[in-house]
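# An overview of the molecular structure
Letter by letter, the chains look like this.
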Amino acid sequence: MDFVMKCLSVNQKGNLSIGGCDLTDIAAEYGTPSYIMDEDEIRKNCRVYTNAMNEYYDGKGIVLYASKALSCKYIYRIMKEEGMGVDVVSGGELYTAIKAGFPAERIYFHGNNKTDDEIKMALEYGVGRIVADNVFELESINKIAGKMGKTADIMFRIKPGIDAHTHSFVQTGQIDSKFGVALETGEAEEFAVKADSMPNINVVGVHCHIGSQIFELAPFELAAEKMMNFIADMKDRHGIEIDELNLGGGYGIKYTESDTPIDYDKYICAVSKVVRGISESRGVKLPFIVMEPGRSIVAEAGLTVYKVGAVKEIPNIRTYISVDGGMGDNPRYILYQSEYEAARVCDPLAEKTMIATIAGKCCESGDILVENARLPEVKAGDLIAVLATGAYNYSMASNYNRIPRPPIVMVSGGKARLAVKRESYDDLIANDLI
Ligand SMILES: *Cc1c(COP(=O)(O)O)cnc(C)c1O
């Protein structure tokens, strides 16, 4: 394949095109930098998961889009139409989903430190589940629900002792994480017993999320095994019935040629075997399954288009290509040294004669987008695209150096439209009172 993103092609003019739209046209219309998302690709990714849920669990489950990957009103509309649920981790994400008309009962509210206001907001809107992280929070939920005359349907987050990232996972019994209650130490069991005794709490399910950008099946199988055994233990020891099992997200995507993702439905197939097996062997009923992919729904459906400014060649050291965006719109390199691939928009498949580092325009030496990118010759005024930026870019963007955030342009079937407009300088000073 020519590009890490499946939804890219080169059109008759020799320009890079996404969703049937020429990137030079989009850049001319909406300016640079801009995030461009292929809506059809997002929908296709949703359907891989929802179809697999039907196939491997007879539809007895729900796929939640983990909306921290990209949160704006339009994405919640897409998720609603695709029959997905969503997970939110803050009052702001919850508010955005509700304002987009997303049905509250299909919203799951996560986070390790929900404020009382956020809990109240969630109960007022009537979210489907609040995913409690710890006993302090559980007590707050019980109290606030009590005052409102409600019963909160909760799941609670368990650290199953598996820590997985990319191509490695460790079974640590790791309890040094800010998220959830530990399985090994008996903390999770204590939590279940306590929650079960609370008048305004209904314990519906358990949740785990073992990492992100994972390329293996085994850590997911192991997590499912531990969680199913926990469900069976709670039934055997305490008569507590846990009906829902939320196995989180973390499915890896292709940022560069060296990434080797597995088809997403394979995860669901592998895990369903484990879940069904333990359900039979331990005599517990098959739980309702919840999955929470975020990155794998949107990352490969999006790119960011920039205009090149200065090209600075430091002899025998490195060439820097400076672009009109940077860590403000994509902080993932400065945060994690994440790798990306880039393409020149005009004639992207021309011979790659240049190795250069694509830098942003912020006052930080670490403001890099792609280190040692291989590109055809690039000069000032050219457009370049950084690929697979659909997840954790816009949602992590900042106004550092008071640079306005780029717009999100949605393309579908050869048509482009603005989903989020570019911030203006006046937006930047809108909250400055004196
Ligand atoms: C971030 C997160 C996800 C999604 O992770 P991806 O790697 O984007 O798939 C799912 N569940 C929880 C609880 C998360 O925090």
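Residues numbered from 1 in each chain as written. Predicted model: local features only at pLDDT ≥ 70, side-chain atom pairs only at ≥ 80, totals over all residues. Heavy atoms only, no water.

### Re the site of the ligand
- Lining the immediate environment of the ligand, one finds 15 residues, of which Lys-68, Ser-212, Glu-292, Arg-295 and Tyr-392 sit closest.
- A distance of 2.4 Å separates an oxygen atom of the ligand from a polar side-chain atom of Ser-212.
- In this structure, a nitrogen atom belonging to the ligand sits 2.6 Å away from a side-chain N or O atom of Glu-292.
- Relative to its unbound accessible surface of 380 Å², the ligand loses 94% to contact with the protein. (Near = heavy atom within 4 Å. Polar contact = N/O pair within 3.5 Å; in protein donor to acceptor, adjacent residues only side chain to side chain. Areas by Shrake-Rupley, 256 points an atom, 1.4 Å probe, with all protein chains shown as cover.)

### Points about the environment of Lys-6
- For Lys-6, the location among the structural elements is in the segment before strand E1 (8–10).
- By relative accessible area, which is 52% here, Lys-6 ends up exposed.
- Counting along the chain gives 35 residues from Lys-6 to Glu-41, while the straight-line C-alpha distance between them is 8.6 Å. (Helix = DSSP H or I, 4+ residues; strand = E, 2+ residues; numbered from the N terminus. Buried < 20%, exposed > 50% of the residue type's maximum accessible area, 1.4 Å probe, protein only.)

### Some words on empty space enclosed by the protein
- Using the criterion set out here, one finds 4 cavities of 30 Å³ or more in the structure.
- Taken as a whole, the largest cavity encloses approximately 70 Å³ of empty space.
- The wall of the largest cavity is formed by Ile-210, Phe-220, Ala-223, Leu-247, Tyr-251, Tyr-267, Ile-268, Val-271 and Met-291.
- Elements represented by at least two residues in the lining of the largest cavity include exactly helix H8 (218–238) and helix H9 (264–282). (1 Å grid on protein atoms, 1.4 Å probe; cavity = no way out; pocket = protein on both sides within 12 Å on 5 of 7 lines; lining within 4 Å. Points joined across faces, edges and corners; volume = space filled by probe spheres on them.)

### Here's the deal with the packing of aromatic side chains
- Across all of its chains, the model carries 9 aromatic pairs by this definition.
- When the centroid spacing of 5.8 Å and the interplanar angle of 45° are considered together, the rings of Tyr-49 and Tyr-251 count as tilted. Of this pair, Tyr-49 sits in helix H2 (residues 39–57) while Tyr-251 sits in the loop between strand E15 (244–246) and H9, and the two are 202 residues apart along the sequence. The pair Tyr-49 / Tyr-251 is uniform in exposure class, with both members buried.
- Ring centres 5.3 Å apart and planes at 10° place the aromatic pair Tyr-49 and Tyr-264 in the stacked group. (Phe/Tyr/Trp six-rings, centres within 6.5 Å; stacked < 30°, edge-to-face > 60°.)

### What to know about the nonpolar core
- Judged by nonpolar contacts, the single largest core of 137 residues is most densely connected at Met-79, Ile-154 and Phe-156.
- Looking at this core, you find at least three residues from each of domain 1 (8–38 + 299–428) and domain 2 (110–293).
- The residues touching Met-79, leaving out its near neighbours within four places in the chain, are Ile-42, Cys-46, Tyr-65, Met-84, Val-86, Phe-102, Arg-106 and Ile-297. (Core = buried A, V, L, I, M, F, W, Y, C linked by side-chain atoms within 4.5 Å. Domains from an automatic or database assignment. Contact = heavy atoms within 4.5 Å.)

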